[in-house]
Amino acid sequence: VTDPEHIVICAGFAQGVHLVLRALAETGLRCVAVEDPGHCETRTVSGMVAAKVTPVPVDAGGMVVDELRKTAAGAVVLTPAHQTPTGVVLAPERRQALVDWACRAGATIIEDDYDAEFRYDREPVGAMQGLAPAHVALLGTVSKSLAPALRLGWIVCPPALTAGVAKQKQLADHGSPGLDQLALALLIESGRYDRHLRRMRGVYARRRARLKNALAAYAPQVELQGLEAGFHAVLQLPAEADEQGVITAARERGVGLYPMSEYRAGGQTTPPRLVLGFGNVSDDAVERGIARIADLLRGSG
Ligand SMILES: Cc1ncc(COP(=O)(O)O)c(C=O)c1O
């Protein structure tokens with residue numbers, strides 16, 4: 001719910017979140033809430049701009065808004081459509097509670113919508129921005145829909161923040177490359193962007209099915225979560241497993257995985273879990289990779 005005057009083009013989410021936080025800091029923002037577990041770069045950037053970063057727990061319904069209410073945060077950064085890294089969706093009653101919180105506290109919701117285009121279980125989940133355009137800064141990117149190397153994204157600004165965000169963008173780099181923006185506009189206007197998304201949904205759905213089948217075949221006791229959207233999933237390891245040990249051993253066999261501890265604000269390693277991505281590997285490589293590390297996942301490696 002916006003118009004072109006309130007959209008600022010930026011260099012992906014990474015720059016977008018920085019610009020919004022800096023614009024808010026100019027208006028007195030001191031404390032930023034982030035998801036725990038959550039994207040570690042977002043935590044770092046929030047800490048660079050604001051005096052205080054408050055991690056708020058995430059459960060099966062997404063960020064626990066009751067916990068957010070107890071904080072002094074003037075902004076919250078979160079991934080409502082597909083939580084990073086757990087993969088859960090922010091529950092409808094929490095969306096409403098979050099908007100109520102923002103309206104009452106005069107706070108800003110920074111909505112990271114980076115992989116919302118890719119859902120496999122239902123229609124894409126709507127953005128929160130339409131519920132409260134004056135309180136939500138919606139950040140989109142083509143990093144997942146096209147390629148991260150393009151460095152193109154957009155900020156749908158709350159109108160009162162547009163000038164501040166535009167100023168920060170001007171100071172940062174005088175604007176994102178015009179030719180790249182024109183090429184993207186042509187792709188969208190010609191309908192080819194939509195066709196590409198439809199085709200890629202099928203490609204990723206197939207890859208995701210290969211991942212599920214490979215795990216069912218090679219490590220059936222390992223629980224897989226968060227696969228309903230996006231390109232990553234969370235693997236629950238046996239309780240006694242050592243996240244870092246499994247990752248080091250897997251890397252020696254040529255398979256890259258991420259520890260859940262990297263996403264936790266306090267670096268906790270229990271329960272041991274791994275985050276694995278399947279967006280940028282071939283269908284066959286997904287299956288080969290799982291076969292190669294199945295004993296590590298089962299706790300018998
Ligand atoms: C949580 C999250 N948000 C956003 C992005 C996209 O960032 P960018 O648009 O800067 O490439 C990523 C990239 O992996 C991510 O993990």
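For the structure itself, look to the data block above.
In this report, the structure presented in the accompanying data block is examined. (Residues numbered from 1 in each chain as written. Predicted model: local features only at pLDDT ≥ 70, side-chain atom pairs only at ≥ 80, totals over all residues. Heavy atoms only, no water.)

**What to know about the side chain of Asp 112**
For clarity, the threshold we go by: Counting from the N terminus, the helices are DSSP H or I runs at least four residues long and the strands are E runs at least two residues long. With a 1.4 Å probe rolled over the protein chains alone, any residue whose accessible area is under 20% of its type maximum counts as buried; one over 50% counts as exposed, and the rest are partly exposed. By the counting scheme adopted, Arg and Lys are positive, Glu and Asp are negative, and His together with the chain ends is not counted. What counts as a salt bridge is simple: a side-chain nitrogen of Lys or Arg found within 4 Å of a carboxyl oxygen of Asp or Glu. Identification of polar contacts relies on pairs of N or O atoms within 3.5 Å, with a donor-acceptor requirement for protein atoms, meaning one able to donate a hydrogen and the other able to accept it, and with residues adjacent in sequence counted only if both atoms are side-chain atoms. Any two residues whose heavy atoms approach within 4.5 Å at even a single point are treated as in contact.
Along the chain, Asp 112 turns up in strand S6 (residues 108-112). The side chain of Asp 112 is buried and forms no salt bridge, while Lys 144, the nearest opposite charge, is found at 9.5 Å. Within the structure, Asp 112 has its side chain in polar contact with the backbone nitrogen of Tyr 114 (distance 3.2 Å). Setting aside chain neighbours within four positions, we find Asp 112 in contact with Phe 13, Leu 78, Thr 79, Pro 80 and Leu 139.

**A word on the pattern of salt bridges**
In total, this model carries 13 salt bridges according to the counting rule given. Here Asp 173 ties to Lys 169 by a salt bridge, and the two come within 2.8 Å at their closest N and O atoms. A residue pair is termed a helical-turn pair when its members lie 3 or 4 positions apart in one helix, as Asp 173 and Lys 169 do in helix H5 (residues 162-173) at four residues. With relative accessibility at 33%, the residue Asp 173 sits in the partly exposed group. The salt bridge involving Glu 287 is made with Arg 210; its shortest N-O contact spans 2.7 Å. Here the residue Glu 287 occupies a position in helix H9 (residues 283-298), and Arg 210 occupies one in helix H7 (residues 192-218), the gap between them amounting to 77 residues. For Glu 287, a relative accessible area of 30% gives the class partly exposed. A network of salt bridges, in which partner residues are shared, links Arg 119, Asp 121 and Arg 122.

**Points about the pairing of S6**
Note the threshold: Strand pairing is assigned whenever DSSP detects at least two bridges linking the two strands.
Of all five residues in S6, five are buried; the element is thus mostly enclosed. Neither face of S6 is exposed, since Thr 108, Ile 110 and Asp 112 on one face and Ile 109 and Glu 111 on the opposite face are all buried. Of the pairings in the sheet, the one linking strand S5 (residues 75-78) to S6 comprises four bridges and is parallel in character. Each bridged residue has a counterpart across the sheet, and for Val 76 the counterpart in S6 is Ile 109. Direction of pairing for S6 relative to strand S7 (residues 136-141): parallel, over a ladder of four bridges. Within S7, the position partnered with Ile 109 by the bridge is Val 136.

**Points about the state of the cysteines**
Working definition: the covalent bond between the sulfur atoms of two cysteines is a disulfide. Note the threshold: Cysteine sulfur atoms are paired as a disulfide whenever they fall within 2.5 Å.
The tally for this structure, following the rule as stated, stands at zero disulfides. Between Cys 40, a free cysteine, and Cys 31, which holds the nearest cysteine sulfur, the sulfur-to-sulfur gap is 19 Å. Judged by relative accessible area, which is 27%, Cys 40 ranks as partly exposed. Of all cysteine sulfurs, the one in Cys 10 lies closest to Cys 157, which takes part in no disulfide; the gap is 8.9 Å. By relative accessible area, Cys 157 is classed as buried at 2%.

**Focus: the packing of helix H1 (residues 12-26) against helix H2 (residues 40-49)**
For clarity, the cut-off: Each axis is a line fitted through C-alpha atoms, and for a helix only the stretch in contact is used; angles between axes span 0 to 180 degrees, taken between their N-to-C directions. Roughly parallel refers to an angle under 35 degrees, roughly antiparallel to one over 145, roughly perpendicular to one between 65 and 115, and oblique to any angle outside these ranges. Crossing handedness follows the turn of the near helix against the far one: under a right angle anticlockwise gives a left-handed crossing, and clockwise gives a right-handed one. Three categories are distinguished: nonpolar for Ala, Val, Leu, Ile, Met, Phe, Trp, Tyr, Cys and Pro, charged for Asp, Glu, Lys and Arg, and polar for the others, with Gly belonging to the last.
It is the contact of H1 with H2, at a shortest axis distance of 10 Å, that shows an interaxial angle of 30°. It follows from the interaxial angle that H1 and H2 lie roughly parallel. Crossing handedness for the pair H1 and H2: right-handed. Contacts between H1 and H2 involve Phe 13, Val 17, His 18, Leu 21, Arg 22 and Ala 25 on the former and, on the latter, Thr 42, Val 45, Ser 46, Met 48 and Val 49. Looking at the contact of H1 with H2 residue by residue, the classes come out as seven nonpolar, three polar and one charged.

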